[in-house]
Each structure stands twice: as C-alpha cells, then as structure tokens.
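Each chain, letter by letter, is given below.
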Amino acid sequence: MGFSTDAIHAGQSPDLTTGAVMTPIYMTSTYAQEELGKHKGYEYGRTHNLTRAALEKNVATLEKCDYGIAFSSGLSAIHSLMMLLKSGDHVIVTDNVYGGTYRLFELIMKDFGLEFSWVDTSELQNIEKALQPNTKMVFVETPTNPMLTISDIKLIANFCKEKKLISVVDNTFMSPYFQRPIELGSDISVHSSTKYLNGHSDVIGGIVLTDKEKIYERLKYIQNAVGAVPSPFDSWLTLRATKTLAVRMERHSKNAEQIAKYLSTHKKIKKVFYPGLEDHPQHEIAKRQMSGFGGMISIDLGDIEKAKSFVTKVKIFTLAESLGGVESLICHPVSMTHGSVPKEKREKFGLTDSLVRLSVGIEDVDDLLSDIENAMS
Ligand SMILES: *Cc1c(COP(=O)(O)O)cnc(C)c1O
C-alpha cells in the first residue's frame, strides 16, 4: 500500500461489537475475567489497550517495520531505550541532540552507570574514534535540533551491524513520511509523537519502532514494567492525526523550502540552516536519505538583541517551545529548549545566543513570508 493509504487504514478495522468505523477510545483500566485465568487476552490497562495497540500498529506500518511501542512522551520512549542497557555500558550520541535527551543522558542516566560520548555523528570517523570495548549503542538524531546537521543513517547502521551495536535514530524532525531509518538499516527509530506525528500541539507522546523481535519483546516488557504508557485518549488523538501526516508534511516542507530560500537572500540574516539549501554541509546526504526537507529552519541573526526582538515582533509565528504542529512556532533555543546544554558545548556546534528556530506550519505561505518581512523591518 501507499503511505497515505496505510496512514488512514493500518492498524484499524471496524469495531467488532458495533461496526464503528473509527477505533473507539477504550477508557478502561481493567477487563472482566470469566473465570480464574480465563479472559479475552486483556487483563490490565497498563499492559493492554486496544486504542494504543491500533496506534502502535499504524505507526509501525508507516515506518515499514513490524513493531511499535507507544509511550507517554518522547523522553519516556528514549528512557525506555536506555533501559535496554546495563550499568557500565557506553553509548555514542550525536552532540547536538534535543536538549531534553542531553539532560536525561548526562544528568540522570549517568548516575545509573551508563557512559556517554558526545560526538559529531555527521562524520563516521568520529563514531569510530569514540568506540570503546563497552560500547553498546549509537544514538543518532538526524536532522538535529536545532542545527539541522545530518548524519548518514545507512553508513552508521552498517557500522553498528559490523560492531554488533544497537543503532538508534531519533526521527522526530522528519516523521516516517520523509525518512525511514529502519528501511535504511537501523535497529530502532524513535519519535516524540508530540511533534509531527500528532501535529496539532495537543498531545505529549512518544513511540519506538523496530523490526527486531528481541528488541521488541524487551521493550514491550519495559513498557509494562516501567509503566510510562500513553492514555487511551492521547493514543486516539495521535491515531487521528497520522491520517493526515502525508498532506501535512508535504505542506510543511513546501512552505519551509520557500521561506528558507527567501531568508537565505535576506541581508539581515547571518546564516540560514535548512537541509534543502544547496549550501547546507550535508545537502547531498539529505537528498539521498530523506524524501523531503521538512518544516524546520534555524537562522542566525548575528546578535542576541536582534534575535530577541525578532521573536517578539512576528505575529503569526507564536513564541513557544515545541515544533511540528499545524501552526507556525518560533523559539530561541538557548533560552528555551537548550538551556541545560553548557555554553562552550553549544557554541562548538554553532548554537549561538543569536540563533532562532522556526517551526514552519501549514498556513498560507504568503502570510508567513509577510509576517517575517514585517518583523525584520
Ligand atoms: C521534543 C523532542 C523530544 C522529546 O519528546 P517529548 O515528547 O517532549 O518528551 C525528543 N527528541 C526530539 C528531536 C524532540 O524534538
């Protein structure tokens, strides 16, 4: 099936009792048992929920893999991946990942005996150099937040296969519509479904996808044992949203490409970061592994005062954290999403005080362009 057909149908069939076409929201914490040990396969809401199961099957189909495991947030999904490891294990991580991932690894998981090496994963040799005898996982975010640096998924997945490491890609920025890491050889793709998958800025959620049965079995166990499951209602909202993922992503990307081109010729802007621009350092890899360039753009205004004034002068772009919703958002990563990353670390990969990040929505692009133009002047 094509992507849009799967997006609308996968994981869902008319309800057995009533024929309801849309998957019901199974708001129940428990299930009746006929006699001791005899039930319909459902025992307790943390372990089994049909609305959640429909979402898991749906997104797994979109990522072209067998298994999905949904969580209550992107970070609880990433945390569950850390639970695959043991004290003393070492993980190689992309240096400019989402700030919350950095905080989870560096300020929490380290206390449980995990070791992390932060490297620029856009060059395979940096991963090779960081390899240790106790390395167990390579965790890559591509494109990164907020620098939009790209790592070669296939190259890294092959390296991980050879060295027997678990390869993970945080695929939040692209969604399965534009990028499918498992098809490229990765073991695991993880999303904050809060962003493009749900796309309407009204749910916090996460999901892990894999085609490895062993990893799935363990994660399913962890999902139940740790208990960071999404609510039936949040699962339902996200399932509703993936139906329009293809059309939303097309529009996000079309709008962003137009805005990035406009910004790259603008005199008041020092630098534009967008994988679709030919001067993006990994533009060629982007073209190879992504079928679109997405809706995220970062711009360096050269001066923190200009950045501060720009983010408050735009009117359609709302000043807020998060991304990937139908509405356009703007944020100042240093003071908002990336506050927990130390200054010298940030500046090493270009995350300056004057950097502003745009999450381009699906409004009319002419309105977005004039909003930017007005704020600039
Ligand atoms: C938002 C985000 C996360 C964290 O997800 P939550 O749903 O906020 O917990 C992880 N990775 C990336 C790339 C994100 O943008």
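Our structure's up above, just so we're on the same page.
Overview of the structure. Think of each chain on its own: its residues are numbered from 1, step by step along the sequence as written. In view of the model being predicted, local features appear only for residues whose pLDDT reaches at least 70, and side-chain atom pairs are presented and counted only at 80 or more, with totals across whole chains, interfaces and linings using the full set of residues. Processing note: side-chain calculations cover all non-hydrogen atoms of the structure and skip hydrogens and water entirely.

### Remarks on the site of the ligand
- It suffices for a single heavy atom of a residue to lie within 4 Å of a molecule or strand for the residue to be listed as near it. Of all residues adjacent to the ligand, which total 15 residues, the nearest are G74, D170, S192, T194 and K195.
- Polar contact is the term for a pair of N or O atoms within 3.5 Å; when the atoms are in protein, one must be able to donate a hydrogen and the other to accept it, and sequence-neighboring residues count only if both atoms are side-chain atoms. Here G74 contributes a backbone N or O atom positioned 2.9 Å from an oxygen atom of the ligand.
- In this structure, K195 approaches the ligand through a side-chain N or O atom, which is 2.7 Å from an oxygen atom.
- Polar here means any residue other than Ala, Val, Leu, Ile, Met, Phe, Trp, Tyr, Cys and Pro, which are nonpolar, and Asp, Glu, Lys and Arg, which are charged; Gly is therefore polar. Across the shell around the ligand, the residue classes break down as five nonpolar, seven polar and three charged.

### What to know about the packing of aromatic side chains
- The pairing test for Phe, Tyr and Trp rings, Trp by its six-membered ring, is centres within 6.5 Å, and the orientation test on the planes gives stacked under 30 degrees, edge-to-face over 60, and tilted for anything in between. Going through the model one piece at a time under the given rule, you end up with 11 aromatic pairs.
- Aromatic pair F233 and W236: ring centres 6.1 Å apart, planes at 15°, arrangement stacked. In this pair, F233 and W236 both sit in helix α9 (residues 232–242), three residues apart, roughly one turn of the helix.
- Buried, partly exposed and exposed residues are distinguished by accessible area as a fraction of the type maximum, computed with a 1.4 Å probe on protein chains only: under 20%, between the cut-offs, and over 50%, respectively. Judged by relative accessible area, F233 falls into the partly exposed class, the value being 38%.
- Between K195 and the ring centre of Y98, over which it is positioned, the NZ or CZ distance is 4.9 Å.
- Geometrically, a lysine NZ or arginine CZ counts as sitting over a ring once it is within 6 Å of the ring centre and also within 35 degrees of the ring normal. If you follow K271 out to its NZ or CZ, it ends over the ring of F273, 5.3 Å from the centre. Where helices and strands are cited, they refer to DSSP runs of H or I of at least four residues and of E of at least two residues respectively, numbered from the N terminus.

### Remarks on the sheet that holds strand β3 (residues 115–119)
- Reading across from one edge, β1-β7-β6-β5-β4-β2-β3 is the order of the seven strands in this open sheet, with mixed pairing throughout. If you trace the sheet from one side to the other, it starts and ends with β1 (67–71) and β3, each paired once. Taking each pair of neighbouring strands and ignoring which way they run, the sheet shows an average axis angle of 20°.
- With three bridges connecting them, strand β5 (residues 166–170) and strand β6 (residues 188–192) associate as parallel partners. In the strand pairing of β6, D170 is matched with V190. When DSSP finds two or more bridges between two strands, those strands count as paired. Angles here are taken between N-to-C directions and fall from 0 to 180 degrees, while the axes themselves are lines fitted to C-alpha atoms, restricted in helices to the stretch in contact.

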